[in-house]
Amino acid sequence: MTVRVRFAPSPTGNLHIGTLRAALFNWLFAKAKKGTFVLRIEDTDRERSKPEFETNIYDGLKWLGFTPDEGPLEGGDFGPYRQSERIEQGVYHDIADRLIKEGKAYYCFLTDEDIQREKESAIKKGIPYVHSRKSSEMSESEIKNCLSEGKPYAIRFKMTEDKIITFKDSVRQTIEFDCSLISDFVLMKSDGTPSYNFAVVVDDALMAITHVIRGEDHISNMPRQLSLYEALGYKVPEFAHLPMILGPDKSKLSKRHGATAVTEYRDQGFLKESFMNYLALLGWSPKDEQELLSEDELVSQFDLDRVHKSGAVFDIKKLVWMNGQYIRQISDSQFSTLLRSYLSEDYQQKLSLLTEEKQHLALFSVRDNLDVLSDINTYIDVFLETESDYDSKSKDIVLNDDQRTVLSSFLSLSKECKSSEEFMGCLNSICESLSLGKGKVFKPVRLAVTARQSGPFIGDVLAFFGVDRLRERIQRCL
Ligand code: GLU
């Protein structure tokens with residue numbers, strides 16, 4: 001069997017973390033099984049679906065390299081891959097018609113008010129609401145009359161009553177549903193668009209999807225979808241429902257926990273390698289609990305049987321830590337190219353005035369300080385500011401007596417220094433002569449030469465500015 005999986009986002013908002021995690025697990029599964037990764041755009045909600053959100057979805061997929069094998073832009077033998085286009089082709093309409101003819105669905109002329117009344121009456125009686133199925137008892141001529149009068153209608157599916165539906169999820173145990181409490185549900189709405197449950201089953205079947213991998217919030221849709229598979233005589237795919245992604249307070253991850261849109265993470269300077277790695281661990285773990293996994297390792301180790309059942313907490317601190325690890329790990333040329341793209345225009349301009357060697361020093365000296373690549377803009381100004389910028393910052397420095405002693409001893413000791421090696425040697429010998437730890441010596445020197453409490457390694461700053469300029473700054477600071 002050739003594995004065919006699909007990622008089926010609705011373009012009603014920017015691609016968010018939970019949705020991208022579903023894309024990743026589908027993509028990994030397809031790669032691991034040498035299968036096909038299909039992108040289907042579920043844009044049946046005409047009002048909320050927007051082309052810019054589809055673009056944002058593509059942007060997120062492109063960033064991580066999840067190129068669909070089939071999709072709206074890629075084409076394929078099972079298209080169209082946008083549900084709006086499938087509506088235009090009459091795909092859902094024709095199948096709903098077939099179900100009516102077979103007595104498995106019916107026209108429902110009840111208005112919203114009628115349904116509201118039914119619900120209120122159920123509440124009064126203290127019983128759970130189940131749709132009354134009134135319209136299904138209409139005679140053929142009554143239906144014809146209503147249709148010719150142009151009365152609005154929906155097409156509803158007749159749920160099998162008194163039936164227990166069971167299914168085995170690849171992530172969970174067997175799950176059971178009692179159908180007697182499930183109302184006849186809408187297949188086609190009065191505006192001629194299909195409901196989610198109907199469109200998803202029709203499309204998954206017609207696109208020959210073998211495995212449906214999606215969020216566990218869709219488990220409650222299973223009795224409806226499985227009933228449809230049965231009524232339509234379609235082969236049922238395997239299902240894997242992924243655990244929810246939670247915020248640190250264990251509630252469903254949402255905007256109030258911070259950025260949820262994937263492109264915001266890209267724009268802050270998270271690397272695709274770390275983002276993919278971190279996302280893969282949200283609800284899945286490899287056999288040996290290894291944390292840093294390359295794309296190839298993820299593909300070779302991924303399987304559905306190691307997907308967790310319980311919710312996965314999105315921990316931004318861990319993602320930031322992981323990103324730092326990858327920033328130090330990627331190749332120098334990848335680092336340099338990527339980092340430059342995160343520099344503000346002003347800094348790009350200033351950097352371009354430096355020699356190649358100094359540009360390299362400025363960019364690479366802050367590598368260990370970066371959590372995300374856009375941090376470059378808070379560190380690099382040490383190298384790009386003018387002497388008068390430095391002066392105005394250093395005016396606010398307050399040195400204590402010990403720090404003054406360190407700086408004065410350092411100035412007298414470094415008089416003869418010519419090279420940066422000698423200069424660093426001086427720093428180390430001061431630690432010894434004054435019996436001070438490195439921090440106590442390096443900190444005032446850093447403060448005096450950069451007017452900052454933290455930043456790049458002092459040896460790099462020295463190599464950039466040279467001995468004379470640094471001695472002069474210390475002098476001025478004192
Ligand atoms: N469009 C649905 C969603 O974004 C797809 C659900 C599914 O994968 O079945 O939630």
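Before reading further, recall that the structure is shown in the block above.
Only a predicted model underlies this, so the values are computations on that prediction, with no experimental measurement involved. (Residues numbered from 1 in each chain as written. Predicted model: local features only at pLDDT ≥ 70, side-chain atom pairs only at ≥ 80, totals over all residues. Heavy atoms only, no water.)

**Topic: the site of the ligand**
Looking at the ligand, the residues that line it are Arg6, Ala8, Ser10, Glu42, Tyr196, Val200, Arg214 and His218. Between Arg6 and the ligand, the recorded distance is 2.7 Å, taken from a side-chain N or O atom to an oxygen atom. Here a nitrogen atom of the ligand and a side-chain polar atom of Ser10 are 3.0 Å apart. When the free accessible area of the ligand is taken as 300 Å², the share hidden by the protein chains comes to 80%. Residue composition of the shell around the ligand, by class: three nonpolar, two polar and three charged. (Near = heavy atom within 4 Å. Polar contact = N/O pair within 3.5 Å; in protein donor to acceptor, adjacent residues only side chain to side chain. Areas by Shrake-Rupley, 256 points an atom, 1.4 Å probe, with all protein chains shown as cover. Nonpolar A, V, L, I, M, F, W, Y, C, P; charged D, E, K, R; others polar.)

**Re the pattern of salt bridges**
Taken as a whole and judged by the stated rule, the model has 31 salt bridges. Residues Asp184 and Arg133 are paired through a salt bridge, measuring 2.5 Å at the closest nitrogen-oxygen approach. Taken together, the positions of Asp184 in the loop between strand 6 (174-178) and strand 7 (185-188) and Arg133 in the loop between helix 5 (112-125) and helix 6 (140-148) put the pair 51 residues apart, joining distant regions of the chain. Arg133 sits in the buried class, given a relative accessible area of 16%. A salt bridge links Arg172 to Glu216, with the nearest nitrogen and oxygen atoms 3.0 Å apart. Of this pair, Arg172 sits in the loop between strand 5 (164-168) and strand 6 while Glu216 sits in the loop between strand 8 (211-215) and helix 8 (222-232), placing them 44 residues apart in sequence. Its relative accessible area of 25% is what places Glu216 among the partly exposed residues. Salt bridges here are not isolated pairs; linked through shared partners, they connect Arg6, Arg40, Glu42, Arg86, Asp203 and Asp204. (Salt bridge = Lys/Arg side-chain N within 4 Å of Asp/Glu carboxyl O. Helix = DSSP H or I, 4+ residues; strand = E, 2+ residues; numbered from the N terminus. Buried < 20%, exposed > 50% of the residue type's maximum accessible area, 1.4 Å probe, protein only.)

**Focus: the environment of Gly459**
Note on placement: Gly459 falls in helix 22 (residues 458-465). In sequence terms Gly459 and Leu470 are 11 residues apart; their C-alpha atoms lie 11 Å from each other.

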